[in-house]
Amino acid sequence: MARDTSRPSIKDEDVYEALREKGNSKEKAARIANAQANEDQAPSRKGGRASPYEEWTKEELYERAQELEIDGRSGMDKAQLIAALRG
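Criteria and thresholds
Residues numbered from 1 in each chain as written. Predicted model: local features only at pLDDT ≥ 70, side-chain atom pairs only at ≥ 80, totals over all residues. Heavy atoms only, no water. 1 Å grid on protein atoms, 1.4 Å probe; cavity = no way out; pocket = protein on both sides within 12 Å on 5 of 7 lines; lining within 4 Å. Points joined across faces, edges and corners; volume = space filled by probe spheres on them. Helix = DSSP H or I, 4+ residues; strand = E, 2+ residues; numbered from the N terminus. Nonpolar A, V, L, I, M, F, W, Y, C, P; charged D, E, K, R; others polar. Axes fitted to C-alpha atoms, helices over the stretch in contact; angles between N-to-C directions. Left-handed = near helix turned anticlockwise from the far one by under 90°. Contact = heavy atoms within 4.5 Å. Phe/Tyr/Trp six-rings, centres within 6.5 Å; stacked < 30°, edge-to-face > 60°. Buried < 20%, exposed > 50% of the residue type's maximum accessible area, 1.4 Å probe, protein only. Polar contact = N/O pair within 3.5 Å; in protein donor to acceptor, adjacent residues only side chain to side chain. Core = buried A, V, L, I, M, F, W, Y, C linked by side-chain atoms within 4.5 Å.

Draft legend 1. Quick look at the layout of surface pockets. Estimates place the volume of the second largest pocket at around 150 Å³. Forming the boundary of the second largest pocket are 12 residues, of which K11, N34, A35, E67 and L68 lie nearest the centre. Counting residues per element, the ones that place at least two in the lining of the second largest pocket are α2 (26-37) and α3 (58-67). For the lining of the second largest pocket, the leading source of residues is α2, giving four residues. Looking at side-chain class alone, the lining of the second largest pocket contains three nonpolar, four polar and five charged residues.

Draft legend 2. Looking closely at the packing of α3 against helix α4 (residues 78-86). Between α3 and α4, the least distance of the axes is 10 Å, while the angle of their chain directions is 35°. Here the hand of the crossing between α3 and α4 comes out left-handed. Between α3 and α4, the residues in contact are K58, L61, Y62, R64 and A65 and K78, L81, I82 and L85, respectively. Split by residue class, the contact of α3 with α4 holds six nonpolar, no polar and three charged.

Draft legend 3. A look at the packing of aromatic side chains. Scanning the model with the defined rule gives one aromatic pair in all. Centre to centre, the rings of Y53 and W56 are 4.9 Å apart; their planes meet at 80°, and the pair counts as edge-to-face. Taken as a pair, Y53 and W56 share a single burial class, namely buried.

Draft legend 4. Examining the side chain of N34 more closely. Turning to its location among the elements, N34 is positioned in helix α2. At a separation of 3.0 Å, a polar atom in the side chain of N34 contacts the main-chain carbonyl oxygen of S9. Leaving out residues up to four positions away in the same chain, N34 has contacts with S9, I10, K11 and D12.

Draft legend 5. Local environment of the nonpolar core. The biggest cluster of nonpolar side chains holds 11 residues, and these are Y53, W56, L61, A65, L68, I70, M76, L81, I82, A84 and L85. Residue assignment for this core shows that the elements contributing at least two residues are α3 and α4. Counting residues per element, this core draws most heavily on α4, which supplies four residues. The contact partners of L85, leaving out residues within four places of it in the chain, are R31, Y53, L61, R64, A65, L68 and I70. Counting seven residues, the second largest nonpolar core, distinct from the first, contains I10, Y16, L19 and A30.

Without other data, these values stay purely geometric and don't point to any function.
Encoded structure:
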């Protein structure tokens, strides 16, 4: 099967497709599916270890946005990075 190059790499296709069927955007579904496939992350678990984004530095927010392949991150200020990460 040919890989769809019009979207980012998806690490868990089943989760991605389920999220898309629920109406999530392609970007959000990809971020969640990839985060769930990563053992170091637990997006479905509440009460995570991370502090609120407002306590992160702009550099930390940028690095997280880079991990999630958020487009336009290089031109974003701290508030915009937070909004995009919560997207």
